[in-house]
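# Architecture at a glance
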Amino acid sequence: MAAIAQARAWIAESSSIVGFTGAGISTESGIPDFRSPGGVWARNRIIEFDEFVRSREARIEAWRQRVEMWPAMRDAQANAGHHAFLELERQRKLAAMITQNIDELHQRAGQSPDLMIELHGTNMWAGCLECRRRIPMEDAIRRVQEGDLAPECAECGGPLKAATVSFGQAMPQRELARAAVAAQVCQVFLAVGSSLVVYPAAMFPAMAKQAGARLVIVNRTPTPLDEAADAVFRGEIGSVLPELVNQR
Ligand code: NAD
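Note that the coordinates shown come from a computational prediction; the quantities given were computed from them, not determined experimentally.

### Observations regarding the packing of aromatic side chains
Taken as a whole and assessed by the stated rule, the structure comprises 1 aromatic pair. With centroids separated by 5.6 Å and ring planes inclined at 40 degrees, the aromatic side chains of Phe-20 and Phe-189 adopt a geometry described as tilted. With Phe-20 in strand β1 (residues 17–21) and Phe-189 in strand β7 (residues 188–192), this pair connects stretches of sequence that are 169 residues apart. The two residues Phe-20 and Phe-189 agree in class, both being buried.

Following this line, the structure appears as structure tokens:
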């Protein structure tokens, strides 16, 4: 059987699928990924969490980068890839939707928030590092654009930071625990648009495979888990994924 027909059959026959997405699923919505040419890494320097906490200069640069990225994030629409995962939810097969993305495009597509496991937080909110109070990202961006270059919490004066997980910042424990359970009990683990090199997120596909799930990878470029996977598709997500979930 052709690889695509085989993977379609696994998905069609499964009652418990876990989706796992990286930045690649959102490139077709106009949000650049990290590692492709012209991606975020090529243009902006990474500011680690410690540096953000320690240095006002670093906070100013981090907020400058947020402002630069904001129009693309704010205006992005979910694409065929996000809608394919919605189709799996509609088919009552989707047990969890683990994402490394911070753009909330799965939710914008209509994915149920209860299914979402956001490993790296969200860019739609900013939070105070001291008192944890959150404000909409839109409000924080406006403050920066009005000249408050490293905005602080209106309640306690603590530094405001995007509610995303920076390099060097602790991962959300509840999300990690939920993702581990989901990976270990699913029948099919569908990893889409991720280079699978960012840890600990990338441990979940391996965990699922080890626990007996079929591992299916959709990614334009090779990943370290391709050899372990049951099926690998190197095409564009927007054309491969709808076909895999029997949407066309
Ligand atoms: P990554 O940039 O490391 O990998 C993305 C992968 O997707 C690449 O291997 C690329 O070849 C592939 N890809 C890109 N467009 C594709 C397409 N249309 N079809 C098929 N494959 C495509 O991303 P990652 O694995 O998610 O890790 C990077 C980190 O960056 C994550 O932690 C994430 O939090 C963060 N990030 C998020 C966003 C977002 O929220 N949209 C954007 C940039 C970075």
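### Quick notes on the sheet that holds strand β6 (residues 160–164)
In spatial order, the strands read β5-β4-β6; together these 3 strands make up an open sheet with antiparallel pairing. This sheet does not close on itself; its edge strands, each paired only once, are β5 (134–136) and β6. Sheet twist, expressed as the average angle between the axes of neighbouring strands with direction ignored, equals 40 degrees. Running over the sheet, helix α4 (residues 56–75) touches β4 (121–128) and β6 and is turned about 140 degrees from β4. Sheet strands in contact with helix α7 (residues 137–145) are β4, β5 and β6, and its direction is about 80 degrees off that of β5.

### Quick notes on a nonpolar patch on the surface
A cluster of nonpolar side chains, namely Phe-34, Ile-46 and Phe-167, defines an oily patch on the protein surface of about 220 Å² accessible area. Here Ile-46 lies in the loop between α2 (40–43) and α3 (49–54).

### Here we look at the sheet that holds strand β9 (residues 231–233)
Spatially, the 6 strands line up as an open sheet ordered β3-β2-β1-β7-β8-β9, and their pairing is parallel. Every interior strand has two partners, whereas the edge strands, β3 (116–118) and β9, have only one. Ignoring strand direction, the axes of neighbouring strands in this sheet form an average angle of 15 degrees. Here β1 pairs with strand β2 (residues 94–99) via 5 bridges, running parallel. Opposite Ile-17, over in β2, you have Leu-94 as the bridge partner. In this fold helix α1 (residues 3–13) packs onto β1, β7, β8 (214–218) and β9, with an angle of close to 115 degrees to the strand it touches most, β9. Lying on the sheet, helix α10 (residues 237–244) is in contact with β7, β8 and β9; it crosses β8 at an angle near 150 degrees.

The rules behind each value
Every chain is numbered on its own, with residues counted from 1 as its sequence reads. Selection of residues for local features in this predicted model requires a pLDDT of at least 70, selection of side-chain atom pairs for listing and counting requires 80 or more, and totals for whole chains, interfaces and linings are taken over all residues. Note: side-chain values were computed over all heavy atoms of the structure, leaving out hydrogens and water. Any Phe, Tyr or Trp ring, taking Trp's six-membered ring, that has another such ring centre within 6.5 Å forms a pair; planes under 30 degrees apart are called stacked, those over 60 apart edge-to-face, and the others tilted. Here a strand is any run of E in DSSP of at least two residues, a helix any run of H or I of at least four, and the numbering for each starts at the N terminus. Only protein chains enter the accessibility calculation, which uses a 1.4 Å probe; a residue is then buried when its area is under 20% of its type maximum, exposed when over 50%, and partly exposed in between. One bridge is not enough; two strands pair if DSSP finds at least two bridges between them. Axis definition: a line fitted to C-alpha atoms, limited for helices to the stretch in contact. Angles are taken between N-to-C directions and run from 0 to 180 degrees. The contact rule is simple, with two residues in contact once any of their heavy atoms fall within 4.5 Å. What makes a patch is a set of residues exposed beyond 30% relative accessible area and free of salt bridges, joined within 9 Å when like-charged and within 5 Å when nonpolar (Val, Leu, Ile, Met, Phe, Trp, Tyr). Methods summary: accessible areas were calculated by the Shrake-Rupley approach with a probe of 1.4 Å, and residue burial reflects only the protein chains presented. Whenever a carboxyl oxygen of Asp or Glu lies within 4 Å of a side-chain nitrogen of Lys or Arg, that contact is scored as a salt bridge.

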